[in-house]
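Remarks on the overall topology
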Amino acid sequence: LQGLFVLGLPYALLHSGYSGLLLIVLAAALCCYTGTILIACLYEENEDGQRIRVRDTYEDIANACCKKLSPNLGGIVVNVTQVLELIMTCILYLVVSGNLLSHSFPYVPVTEKTWSVIAFVTLLPCIFIRTLKIVSKLSQLCSFVHFIIILVVISYCLTQTHLWSWAKFRLSLEFEDFLVSVGVIIFSYTSQIFLPTLEGNMKNPGEFRCMLNWTHFFACILKTTFALTAFLTWGEKTKEVITDNLPSFLETLVNVCLLTKALLSYPLPFFAATEIVYSCVSKSNHSNYRSPLLALTVRGSFLLLTLLMAMFTPHFALLMGLSGSVTGAAMTFLLPSLFHLKLKWQKLSFLEKCADISVFILGFLCSLAGIVCSIKGLLEVF
């Protein structure tokens with residue numbers, strides 16, 4: 001999903017001007033910070049001052065924060081939020097795949113929904129994915145394809161340097177367009193849902209913070225370079241998805257790469273969603289947990305659900321924006337800062353408390369703005 005948001009960064013610069021460049025850097029710092037404090041909530045210090053991992057999942061963190069109110073309330077809220085966002089992400093990949101196929105092969109007499117079904121057939125092997133190791137290999141291939149896309153776009157832009165002009169940047173901004181830019185930029189970095197599982201599966205979890213800092217740093221450099229070169233090339237003609245600005249022969253090549261990336265990206269949110277369901281099932285029925293039949297049933301049901309919603313949900317993009325404004329902001333900003341304040345209040349310095357509170361307020365404002373824009377779009381459509 002981050003790769004799809006990255007392709008909208010030049011368009012975000014069109015509507016945010018110079019402030020967009022600052023936002024790319026600021027979003028990287030904020031998302032890196034909330035990822036760090038979220039992982040910190042997994043640990044407690046023992047009597048010797050050593051950090052011990054006492055929680056394993058986002059759900060465990062939520063339950064620890066809400067145990068006085070209700071032992072399982074926090075976990076239920078977090079699980080529902082996570083599964084909702086992950087399912088919507090999977091559906092988005094199917095919708096995008098159908099759209100890319102229809103644009104790549106316009107002369108084939110097949111509807112976009114039929115293309116989505118064809119893409120769905122290629123994802124059927126996801127039913128048999130049982131470990132994160134397989135998902136990580138697919139994600140590596142996805143990253144490789146992503147770099148090819150970025151390389152093609154930047155290489156073409158560098159051949160058009162004679163068209164570049166800093167005068168293309170806007171100084172005056174329209175508030176609603178600016179909010180759209182903020183959403184695209186911030187959510188091109190989000191990955192908090194996967195971080196507890198990722199950190200728990202690292203060979204050296206102590207290196208997690210270093211890994212998070214470096215990946216966000218390089219992501220910031222790459223995204224700034226990509227957005228800047230593309231916007232300087234096309235200026236006011238920059239389209240929502242920058243690949244639509246490319247010459248036809250390059251656009252087809254990049255669309256095929258994007259299709260490959262979308263299909264390779266699907267297994268990660270799919271695997272994460274089914275793992276959450278499995279963990280819930282294990283608490284209520286230990287005998288059936290991890291049974292082959294249950295595994296196939298749950299995965300098959302998830303696959304079918306994503307296809308049906310991709311096929312029959314009207315105006316899915318607007319609904320995705322609405323749910324994303326709630327779940328995305330909650331999982332990325334609101335909950336990590338709130339949980340960190342709750343669990344670590346006694347050990348936090350004054351500046352750390354101010355930082356967490358500021359992030360929470362910022363997340364609330366982003367969520368509120370996204371909800372207003374999405375509802376306005378839905379009202380205009382209907």
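Notes on the structure follow.

About the thresholds
- Residues numbered from 1 in each chain as written.
- Predicted model: local features only at pLDDT ≥ 70, side-chain atom pairs only at ≥ 80, totals over all residues.
- Heavy atoms only, no water.
- Helix = DSSP H or I, 4+ residues; strand = E, 2+ residues; numbered from the N terminus.
- Buried < 20%, exposed > 50% of the residue type's maximum accessible area, 1.4 Å probe, protein only.
- Contact = heavy atoms within 4.5 Å.
- Areas by Shrake-Rupley, 256 points an atom, 1.4 Å probe, with all protein chains shown as cover.
- Lys, Arg positive; Asp, Glu negative; His and termini not counted.
- Charge placed at Lys NZ, Arg CZ, Asp CG, Glu CD.
- Patch = residues over 30% accessible without salt bridge, like charges linked within 9 Å, V, L, I, M, F, W, Y side chains within 5 Å.
- Salt bridge = Lys/Arg side-chain N within 4 Å of Asp/Glu carboxyl O.
- Phe/Tyr/Trp six-rings, centres within 6.5 Å; stacked < 30°, edge-to-face > 60°.
- Lys NZ or Arg CZ within 6 Å of the ring centre and 35° of its normal.
- Core = buried A, V, L, I, M, F, W, Y, C linked by side-chain atoms within 4.5 Å.
- Axes fitted to C-alpha atoms, helices over the stretch in contact; angles between N-to-C directions.
- Left-handed = near helix turned anticlockwise from the far one by under 90°.
- Nonpolar A, V, L, I, M, F, W, Y, C, P; charged D, E, K, R; others polar.

Right, let's talk about the overall build of the protein for a bit. Secondary structure assignment for the protein yields 15 helices and two strands. For the protein, the spread of C-alpha atoms along the principal axes amounts to about 65 × 50 × 45 Å. By residue count, 47% of the 382 residues in the protein fall in the buried class. Considering only residue pairs separated by 6 or more positions, the protein has 78% of its internal contacts joining residues 24 or more positions apart. For the protein, the exposed area adds up to about 19,200 Å²; of that, 69% sits on carbon and sulfur atoms. On the protein, the mean spot of the 25 positive side-chain charges and the mean spot of the 22 negative ones are 5 Å from each other.

This next bit is on helix α2 (residues 9-16). The buried fraction of α2 is high, at seven of eight residues. Within the sequence span of α2, burial applies to Leu 9, Pro 10, Ala 12, Leu 13, Leu 14, His 15 and Ser 16. Just downstream of α2, Gly 17 is the residue with a positive phi angle, here 60°.

Residues Ile 357, Ile 361, Phe 364, Leu 365, Leu 368 and Val 372 make up a contiguous nonpolar surface patch of roughly 540 Å² in combined accessible area. Position of Val 372 relative to the elements: it lies in helix α15 (residues 350-381).

Evaluation of the coordinates by the stated rule reveals four salt bridges. Across the pair Glu 44 and Arg 55 runs a salt bridge, and its minimum N-O distance is 3.0 Å. Residue Glu 44 is located in strand β1 (residues 43-45), and its partner Arg 55 is located in the loop between β2 (51-53) and α4 (58-66); the two are separated by 11 residues in the primary sequence. Residue classification places Arg 55 among the buried residues on the basis of a relative accessible area of 11%. Glu 44 is the partner of Lys 344 in a salt bridge, and the nearest nitrogen-oxygen pair spans 3.7 Å. Taken together, the residues Lys 344 in helix α14 (residues 316-344) and Glu 44 in strand β1 connect sequence positions 300 residues apart. We classify Glu 44 as partly exposed; its relative accessible area is 23%.

Taken as a whole and assessed by the stated rule, the structure comprises seven aromatic pairs. Between the aromatic rings of Tyr 156 and Trp 234, the centroid separation amounts to 5.9 Å while the plane-to-plane angle is 15°, which identifies the pairing as stacked. Within this pair, whereas Tyr 156 is found in helix α7 (residues 132-158), its partner Trp 234 is found in helix α10 (residues 208-234), the two being separated by 78 residues in sequence. Of the residues examined, Tyr 156 reaches a relative accessible area of 21% and is grouped as partly exposed. Grouping aromatic residues by their ring pairs yields a cluster made of Trp 214, Phe 217 and Phe 218. Here the basic side chain of Lys 223 rests over the ring of Tyr 189, its NZ or CZ set 3.7 Å away from the ring centre. The ring of Trp 345 has Lys 353 sitting right over it, with the charged end atom 4.0 Å from the ring centre.

Among the nonpolar cores identified, the biggest contains 103 residues, and Leu 94, Phe 226, Tyr 266 and Phe 339 are the most heavily contacted of them. Take this core: its biggest share by element is 13 residues, from helix α5 (residues 73-104). Every residue in contact with Tyr 266, bar those within four places of it in the chain, is listed here: Cys 90, Tyr 93, Leu 94, Leu 123, Cys 126, Phe 302, Leu 303 and Thr 306.

What follows concerns the packing of helix α8 (residues 175-186) against α15. One way to put it is that α8 packs onto α15 with a least axis distance of 10 Å and a crossing angle of 115°. The handedness of the crossing between α8 and α15 comes out as left-handed. Seen from α8, the contacting residues are Glu 176, Leu 179, Val 182 and Ile 186; seen from α15, they are Cys 366, Ala 369, Cys 373 and Lys 376. A per-class count over the contact of α8 with α15 returns six nonpolar, no polar and two charged.

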